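Residue-level listing of the chains:
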Amino acid sequence: MTGGRPPRTRVAVLTRTAGWRRALPGHVGLARRAARAAIEAAGGRSSDIGAGELSVVFADDAMVRRLNRDWRGKDKPTNVLSFPADASGMPRGAPVLLGDVVIALETVAAEARAARKPLMDHVAHLVTHGVLHLLGHDHVRAAAARRMEAIEVESLARLGVPDPYRRAPARRGSGR
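Residues numbered from 1 in each chain as written. Predicted model: local features only at pLDDT ≥ 70, side-chain atom pairs only at ≥ 80, totals over all residues. Heavy atoms only, no water.

**Notes on the overall build of the protein chain**
Piece 1. The helix and strand inventory of the protein chain stands at six helices and four strands.
Piece 2. Start at the N end of the protein chain and walk to the C end: the helices and strands fall as β-α-α-β-α-β-β-α-α-α.
Piece 3. Sequence separation of at least 24 residues holds for 66% of the intrachain contacts in the protein chain that already meet a minimum separation of 6.
Piece 4. Accessible surface computed for the protein chain: about 10400 Å², of which carbon and sulfur atoms make up 50%. (Helix = DSSP H or I, 4+ residues; strand = E, 2+ residues; numbered from the N terminus. Contact = heavy atoms within 4.5 Å. Areas by Shrake-Rupley, 256 points an atom, 1.4 Å probe, with all protein chains shown as cover.)

Okay, structure coming up:
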């Protein structure tokens, strides 16, 4: 490559539910920053995969429920779904297609409220989590889960988001 910056991962963001614009006005930029931070924390700069592409879809529970039912056989909404792309047939030099991450508004907002954490922080975590799945990480086995969580924590720290796995200290006098 001559001069200029190396290619960055392209993060397309689609907002399928207007409620996201009201709930989290900066969701588009947040998704892009979180996706790139996840790629960097997973093993290198976002340019390491060349001209990669992924999408983050901000949806509602109804859409995520349909996707979860049709693709995973689970007829219920969930917070985030990841759909890794099959890039095996791509021509040489084509952008690396990573896949899609889909986030459900109602479920994610309820989780953030229940955990008493900012919606922005929870969304950053879920985008990070979804992108790591696109990169081949999983949390099925304990060792893999620990590695994935460590990458999530590192990625979120790059964004100024606290460790989502750190338990809050018990309050004094709470009887616990």
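**Section: the sheet that holds strand 4 (residues 97–104)**
Piece 1. Read across the sheet, four strands follow the order 1-2-4-3 without closing on themselves; strand pairing throughout is mixed. The outermost strands of the open sheet, each flanked by one partner alone, are strand 1 (10–15) and strand 3 (80–84). Along the sheet, successive strands turn relative to each other by an average axial angle of 15 degrees, direction set aside.
Piece 2. Across five bridges, strand 3 lies against strand 4 in antiparallel orientation. Bridge pairing in strand 4 links Pro84 to Gly99.
Piece 3. This element, helix 3 (residues 61–72), spans strand 2 (53–59), strand 3 and strand 4 of the sheet and lies at about 50 degrees to strand 3. (Pairing = 2+ DSSP bridges. Axes fitted to C-alpha atoms, helices over the stretch in contact; angles between N-to-C directions.)

**Structural notes on the nonpolar core**
Piece 1. Leu54, Val56, Ile103 and Val123 are the most contacted members of the largest nonpolar core, which totals 33 residues.
Piece 2. Mapped onto this core, the elements with two or more residues apiece are strand 1, helix 2 (27–41), strand 2, strand 4, helix 4 (105–115), helix 5 (119–134) and helix 6 (142–158).
Piece 3. By residue number, the principal contributor to this core is helix 5, which donates eight residues.
Piece 4. In this structure, Val56 is in contact with Val11, Ala12, Val13, Leu14, Ala31, Val101, Ile103 and Val127, ignoring residues within four places of it in sequence.
Piece 5. Judged by nonpolar contacts, the second largest core, of eight residues, contains Met63, Val64, Leu67 and Ala104. (Core = buried A, V, L, I, M, F, W, Y, C linked by side-chain atoms within 4.5 Å. Buried < 20%, exposed > 50% of the residue type's maximum accessible area, 1.4 Å probe, protein only.)

**Focus on the packing of aromatic side chains**
Piece 1. Summed over all chains, the structure comprises two aromatic pairs.
Piece 2. Their ring planes at 65 degrees and their centres at 4.8 Å tell us that Trp20 and Phe58 sit as a pair that is edge-to-face. In this pair, Trp20 is assigned in helix 1 (residues 19–23) and Phe58 in strand 2, connecting sequence segments 38 residues apart. With respect to burial, Trp20 and Phe58 carry one shared label: buried.
Piece 3. Both rings, one in Trp71 and one in Phe83, keep their centres 6.2 Å apart while their planes meet at 70 degrees; by these two values the pair is edge-to-face. One end of the pair, Trp71, is in helix 3; the other, Phe83, is in strand 3, with 12 residues separating them in the sequence.
Piece 4. With relative accessibility at 64%, the residue Trp71 sits in the exposed group. (Phe/Tyr/Trp six-rings, centres within 6.5 Å; stacked < 30°, edge-to-face > 60°.)

**Comments concerning unusual backbone geometry**
Piece 1. Phi at Arg116 takes a positive value of approximately 55 degrees, unusual for a residue other than glycine.
Piece 2. On the secondary structure map, Arg116 appears in the loop between helix 4 and helix 5.
Piece 3. Judged by relative accessible area, which is 79%, Arg116 ranks as exposed.

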